[in-house]
Every structure is written in structure tokens, then in C-alpha cells.
Number of protein chains: 2
Amino acid sequence: MLFYFYFRMFDVPKITGIISARNAKTIGFQFPEGLKRQAPALAKEVEAKTGALVIISGDPCYGACDIDDALLDMVDVLFHFGHSRISDDDRIVFMEYYHDVDVDRAVASALPLLGQKVGVVTTVQHIHKLDDIAKILTDAGREPVISKGDSRITYPGQVLGCNFSAVPAGVDSFLFVGSGNFHPMGMRLAHKVPVVAADPFTGEARLVDVEKIMKQRYAVMAKAMDAKKWGIIVGMKSGQQRLALAKRLKDIAGDAVLISIKEISPDRLLNFKVDAYVSTACPRIAIDDAGRFPAPVLTPVEFEMVKGLRSWEDLALDEIAGD
Amino acid sequence: MLFYFYFRMFDVPKITGIISARNAKTIGFQFPEGLKRQAPALAKEVEAKTGALVIISGDPCYGACDIDDALLDMVDVLFHFGHSRISDDDRIVFMEYYHDVDVDRAVASALPLLGQKVGVVTTVQHIHKLDDIAKILTDAGREPVISKGDSRITYPGQVLGCNFSAVPAGVDSFLFVGSGNFHPMGMRLAHKVPVVAADPFTGEARLVDVEKIMKQRYAVMAKAMDAKKWGIIVGMKSGQQRLALAKRLKDIAGDAVLISIKEISPDRLLNFKVDAYVSTACPRIAIDDAGRFPAPVLTPVEFEMVKGLRSWEDLALDEIAGD
């Protein structure tokens, strides 16, 4: 199974072809956490076939926003696996990963929960199934709508955890095909339309409920109401840097300092004597790790709510827009 | 006390003077872990006095080798506190930290343990006390010897955890003035001469014993004897990059891959299916965290011993030489 997975996952002829076409001598490989175990075998295979030297990035990688810049500076080409392109640096080759899990059963389960006009989105590993999904909807008498996102989004109908710009307007409901809660939650908060999440791996579908997350976020905001000293976090991953936004929030905060962090973790936040933080880095960090932080960590949207610059009914997930 | 510490620690007029002389608008601050809590107060003071914007590095910092390069690229000047210069990048201002703790009592305690001709070394925070130390030795009828290190070392008599090039030859014993075990241990392993460690903070002195650490290192090496697949770690902190050494060790290892890591931690090593690692990054990492790693992590010196390229009597700490 692992063996099969390895060969399906990695397009070795494409990799060796690019290396020889560019006459590259030193190669970087960067993988998301779940694929790192496959890295040594692939590195050895590519070295044997090309004579190039491969350096595998051992630091965490959570998205296409999370390029290993130090490794990039050390190599002729960096192969970044599992995510679609958001950087236009020619030295980086994005090797997307399409999962061949079937989506039919999950979409069929979703049908009873959907309205007539359905906005369809998914993540990059299921993006090649978008036509199949649309066909199932059409065959069931619905009207699927697929729209283009901004420059951060590679494919029509694609969403990132930080970007829902391909979510179509003017529909009765949304269908999100994929796993996890983060993407459909963000869509549900951003638009006042029901979101149905259909998981291809379980074949199940459900209406997305944001009650629990909203309760948690309002609790974090309530805690931050008393904060006097603020730390405004500038994310140092190249695709997450929003210095201009951080400066604007610092001015709003008054008593505040800018703190640059690459990997945001509870112990790094413990180091500074501030009452609360605002993170301008990946929006998932504030949300997913909320329970582990030693002080409230708000998204920019939530900070504006706490500061009275935005209505408390306007809770939305933070998004990072394309250029 | 903290207040006093703050004013003694930070030379605000020097900082503001450099900012205005360079007409710098965006400033980076980088502190070792123990000083990070002071950062927000200093940032606010410097912003108020200069009008410049300060960004504090929130990522870990363990030495002058550990420059925040991403922050450096974002600012006009980076003030790096607590360590002496090892980089010649003009954009970095190294703000050394001299501790004014008294050394007399510790050196007096060391006298009965020392020979006639004494090689004297210390770390940068006590370097301004070197003349006092030499005088105590001379007054006691001994001959202190202080020598210059290589280009990685700023002051005569200074040692780093990774560089003992200022340790003098041809003496009966060494006197190390400072805290902790790492520096004197490295000196003891590098030279077959007794090392006396005198700690200014406790006033006590002791003969350095390397039995325990040698036992541990030989146990790690014994475990690595059976390793078939090797991971050769390239440290990605700018002052710790030794790619040429890593390539050489990869060739020796045979079945090996290069893995680049910025912060080497047990969970990052768990990601790869290799039997043992060699770290070409900061030599302290393999030693200090030995008990926490999921696989043996050797220094380059130890790896050569395991591979039969160096005698098993030749155990020494790994050093990073200057240019």
C-alpha cells in the first residue's frame, strides 16, 4: 500500500526531466508533514537517476505559503510537494497532489441538504473531480456554480484555509467537498448561506454548524477586552507576511509592539509581557491552537471588533487575499 | 531590580544614535531567550525617541550564529543583543552584554586546583574582567596565558560553545570563568590538560569531569554502529551552515540523505525513516538534547569514529572554525 502510494504520489519522470532541462545540480525537496516519511526514498531515487544532490527540508510545512526560503537560497530548484502554486518564483516547482478517492458517495449524501443553486468548492487534492461533482448535481436537477478566485487561487472552485475568494455569490447553498472543519466553517462565517460539507473519505455529508467555534471566538474576544498591552504578530513565512496590516493594527492598538514569528507556538508567546496578541500570520493559527495559548490571540477581524471598529455581528474568518 | 537590570542592560543612547546616524526607519531587535521579556519596554522607548518602527524577533535565539535572516531582510538595522559579533554584515549591530558580577571569589576558589602556567578563557559577558582574573593569578604567583582565537572569536580569551580556538597551548591547566558545563567540557575533551571551571555567580570552582558525558557519547555511538540509513543534518541558521562538511559526510555514509533543519527538535527527526543522524549544525544540539532524540544524533567527529576514520580515543567536541 505504501509502495503503491509512493509511486502514485511522486511523478519521478517529471522531477528528473525538470532537473535535466534546467541542468540543476543541487535540488531542494519540501513536503507537508504527512509526506515527509516518503522523502528519503524519493531523494535517493532522484539522486541515482540525475546525479544531482538533493536536500530535504526537515522544517514544518503547512502550505504553499510556507516556502523554505533558506533552503531555496541554497539550491537550483526547489520541488514543493502537495500544494498548488501561490508564489511566482521560478525556482520553485509546485508538485500538486491529486487524491484519487471517489467523491460520488459523499456528493450523493449531500444532495438532500442542498438548495437549488449550489456553489461548489473543494481543495486542490480533489480539484480534478470538480466536473464529476457538477455532473452529479446537474443529473439531480440542481444548478452547480463554480467561480474563479483571486490571484492566490490556482483553480476555479478551489479554496485555501486562508482564502475563500472562489466561493460564488448568489447561490442558495454551498457544497464543500473535502475533509476537516476549517474551510467550510470559514465559508459559513463569511456568507449567510448554508454550507454542506461532503467528506470523500467517509462518504458522509453534513450541514456545517458554527455555534461552537463562534462561542469560543467570542470568549477569546471577551478576554481580550481588558488588554492594555498588545503584541501584533507579523508572520515570517513568505506567503503569510502582512507587514502593512500589522502596522495599521499597531496604530489602532495604541500601546503595542510588533513581534515577528516564524513558527507561532505557546512558548514563544510566553516570552513577552503583553496582555493579548493579534496574529496577522496564517489565520488558522489563532483558531486551531486557541486552547493552548497563554494569552488571547485574535485575528485582525476580531481585533477590530474588540476595538469597536466592526460590529460584533460581523465575525468572519481572517482571509489573506491575492495581489 | 528588574528596572535596574533594564537600564544596565540596554545602551539606549547608543541604539538611538545608530538609528539616527543611519536614518533608519524600520528596526529589528533580536534577544536571547532570557532577555525577551525586556523587549517590549525597550521597543516602545526607542520608538518614542526616534520615530522609527521596531519589530521584535519572537523566534528562538541561541547565539550570534542564530541571526533572524528573514527579519534582517525586512529592516534597515537589526540590533542583536547579548552576543558578540561573528557576522560581518553591516546591517547587524551586535549589542554585547557584560555582566558586572564579581569574579574574584570564584577565581580565588580556583587557585588550589590550578597548576603554575594557566590558560585563561571566559565567555563574552565576563570578558571585561579578564585583566582582573589575570591579576589575581599573577598576585598568587601563577603565570596566566591569554591567547587570540580565530576569526569567529571577537576577543582574546573568549570561547564559544562551538569554538575553543582561543584556548592556549603549552599550559599546565586551564581556568574557565563562567557558568554551565558545556564550554569547560569541550576544552577538557579537546586538550589533555586539567580544566578548572570557576562560576562567578556561585563563587565556587571545580575540576571538570568528563566521565559522564563520555559514557553517554560512547553509548550513542555504539547504538549508531548498526545504522544503515543515515540522515545528515544541514543546520539552516546562517552561522551554523556547513554544507561542504555535510556533503563530505554523506559520501562517507553511503546510504544517506541530506536534511536541512532550522530548529532541530525530536519531533522533526521523527518524520524521517533513517536509523541515525549526524548533525553539522550547532554542536550543542547533539550533546545537550541527546536523551530526547528518537534516534542517535552524532557530531561529525563521532560519526568519523563510528565509521572507523578516527580513533575511538579521539573523542572531542565538534567545533565550528572561523573562516
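Residues numbered from 1 in each chain as written. Chains lettered and ligands numbered in written order. Predicted model: local features only at pLDDT ≥ 70, side-chain atom pairs only at ≥ 80, totals over all residues. Heavy atoms only, no water.

Trainee: It is not clear to me how the interface of chain B and chain A should be interpreted in this structure. Could you clarify?
Mentor: In many analyses, interface size is given as the accessible surface area lost on bringing the parts together. Each side of the interface is counted separately: chain B has 42 residues, and chain A has 42 residues. When chain B packs against chain A, the two sides together hide about 3,700 Å² of surface, and 59% of this comes from carbon and sulfur. At the surface where chain B touches chain A, the tally comes to six salt bridges. Our count for the contact surface shared by chain B and chain A stands at 20 residue pairs in polar contact (both at pLDDT 80 or more). Taken together, the elements giving at least two residues each to the side of chain B that touches chain A come down to α3 (39-50), β2 (53-57), α4 (69-72), α9 (243-253), β11 (256-261) and α10 (266-270) of chain B. Looking at the side of chain B that touches chain A element by element, the count peaks at six residues for β11(B). (Contact = heavy atoms within 4.5 Å. Buried area = accessible area lost by both parts, 1.4 Å probe. Salt bridge = Lys/Arg side-chain N within 4 Å of Asp/Glu carboxyl O. Polar contact = N/O pair within 3.5 Å; in protein donor to acceptor, adjacent residues only side chain to side chain. Helix = DSSP H or I, 4+ residues; strand = E, 2+ residues; numbered from the N terminus.)

Trainee: Help me understand the pairing of strand β12 (residues 276-279) of chain B in this model?
Mentor: Two faces belong to every sheet, and in a regular strand the side chains alternate between them. All names here are of chain B. Residues Ala-276 and Val-278 of β12 are buried on one face, and the alternating residues Tyr-277 and Ser-279, pointing to the opposite face, are buried as well. In terms of strand pairing, strand β10 (residues 230-235) meets β12 through four bridges, oriented parallel. Each bridged residue has a counterpart across the sheet, and for Ile-232 the counterpart in β12 is Val-278. Here β12 runs beside strand β13 (residues 297-298); their pairing, made up of two bridges, is parallel. Each residue of the ladder has a partner; that of Tyr-277, found in β13, is Val-297. (Buried < 20%, exposed > 50% of the residue type's maximum accessible area, 1.4 Å probe, protein only. Pairing = 2+ DSSP bridges.)

Trainee: Help me out: how do you make sense of the pattern of salt bridges in this one?
Mentor: Side chains carrying opposite charge are able to pair once their charged atoms draw close together. Under the defined criterion, the tally for this structure stands at 32 salt bridges over all chains. Here Glu47(B) makes a salt bridge to Lys250(A), at a shortest N to O gap of 2.9 Å. With Glu47(B) in helix α3 and Lys250(A) in helix α9 (residues 243-253), this residue pair bridges two chains. An identical accessibility class is assigned to Glu47(B) and Lys250(A); each is buried.

Trainee: How should I be thinking about unusual backbone geometry in this particular structure?
Mentor: Negative phi values dominate among residues other than glycine, just as trans dominates among peptide bonds. All names here are of chain A. Of note in this structure, Asn-23 is not a glycine but carries a positive phi near 50°. Turning to its location among the elements, Asn-23 is positioned in the loop between α2 (12-21) and β1 (26-30). Using a relative accessible area of 52% as the deciding quantity, one classes Asn-23 as exposed.

Trainee: I tried to follow the confidence of the model for chain A on my own but got confused; where do I start?
Mentor: Low-confidence regions, as indicated by low pLDDT, have predicted coordinates that should not be scrutinised in detail. Across chain A, the average pLDDT comes to 93, with 98% of residues at 70 or higher. For this predicted complex, the interface confidence reaches an ipTM of 0.89, while the overall pTM sits at 0.90. (pLDDT = per-residue confidence, 0-100.)

Trainee: When you look at helix α8 (residues 211-224) of chain B in this model, what are you seeing that I'm missing?
Mentor: Residue pairs spaced three or four apart in an α-helix point in one direction, given the helix's 3.6 residues per turn. Residues and elements named next belong to chain B. With 14 residues, α8 should reach 20 Å at 1.5 Å per residue; the first-to-last C-alpha distance of 20 Å fits that figure. Listing the buried residues of α8 in full gives Ile-213, Arg-217, Tyr-218, Val-220, Met-221 and Ala-224. For α8, the angular spread of the buried residues around the axis is 160°, confining them to a single face. Within α8, the exposed residues directed more than 90 degrees away from the buried face are Glu-211, Lys-212, Lys-215 and Lys-223. Packing partners of the buried residues in α8 comprise α7 (182-190), β10, β12, α11 (283-288), β13 and α12 (300-306). (Expected span 1.5 Å × (residues − 1). Arc of directions from axis to C-beta.)

Trainee: Help me out: how do you make sense of the layout of surface pockets in this one?
Mentor: Its volume calculated, the second largest pocket comes out at about 680 Å³. Put simply, the parts of the chain that give the lining of the second largest pocket at least two residues each are α4 (69-72) of chain A together with α4 of chain B. Examining the composition of the lining of the second largest pocket, we find that three residues originate from one element, α4(A), more than from any other. When its residues are assigned to classes, the lining of the second largest pocket shows ten nonpolar, eight polar and 19 charged. (1 Å grid on protein atoms, 1.4 Å probe; cavity = no way out; pocket = protein on both sides within 12 Å on 5 of 7 lines; lining within 4 Å. Points joined across faces, edges and corners; volume = space filled by probe spheres on them. Nonpolar A, V, L, I, M, F, W, Y, C, P; charged D, E, K, R; others polar.)

Trainee: Got a minute to help me understand the sheet that holds strand β3 (residues 77-81) of chain B in this structure?
Mentor: Strand pairing in a sheet relies on backbone hydrogen bonds. The paired strands run either parallel or antiparallel. In spatial order, the strands read β13(A)-β12(A)-β10(A)-β11(A)-β2(B)-β1(B)-β3(B)-β4(B); together these eight strands make up an open sheet with parallel pairing. In this open sheet, the two strands that pair with only one neighbour each are β13 (297-298) of chain A together with β4 (92-95) of chain B. Where strand β1 (residues 26-30) of chain B and β3(B) come together, four bridges link them in parallel fashion. Opposite Ile27(B), over in β3(B), you have Val77(B) as the bridge partner. Those strands touched by α9(A) are β10 (230-235), β11 (256-261) and β12 (276-279) of chain A together with β2 of chain B, and its axis lies near 175° from that of β10(A). The strands touched by α3(B) within the sheet are β11 of chain A together with β1, β2 and β3 of chain B, with β2(B) carrying the most contacts at an inclination of about 165°. (Axes fitted to C-alpha atoms, helices over the stretch in contact; angles between N-to-C directions.)

Trainee: Just to check I follow, could you spell out the side chain of Arg152(B) for this structure?
Mentor: All names here are of chain B. Examined against the element boundaries, Arg-152 turns out to sit in the loop between β6 (143-145) and β7 (173-177). We note that Arg-152 is buried and unpaired, the nearest opposite charge coming from Asp-150 at a distance of 6.5 Å. Looking at Arg-152, its side chain comes within polar contact range of the main-chain oxygen of Gly-239, at 2.9 Å. When residues no more than four places from it in sequence are discounted, the contact partners of Arg-152 are Cys-65, Arg-85, Ile-86, Leu-160, Cys-162, Asn-163, Gly-239, Ile-320, Ala-321 and Gly-322. (Lys, Arg positive; Asp, Glu negative; His and termini not counted.)

Trainee: Explain the relation of the copies chain B and chain A to me, please; I cannot follow it from the model alone.
Mentor: One copy of the chain maps onto the other through a rotation about an axis followed by a shift along the same axis. Overlay of chain B on chain A (RMSD 0.0 Å): rotation 180°, translation along the axis 0.0 Å. These values place the two chain copies in the arrangement generated by a two-fold rotation axis. When each C-alpha of chain B is compared by its distance to the rotation axis, Ala70(B) comes out closest, at 4.5 Å. Both copies share a contact surface, since 100% of the interface residues of chain B are interface residues in chain A too. (Least-squares fit on C-alpha atoms with pLDDT ≥ 70 in both.)

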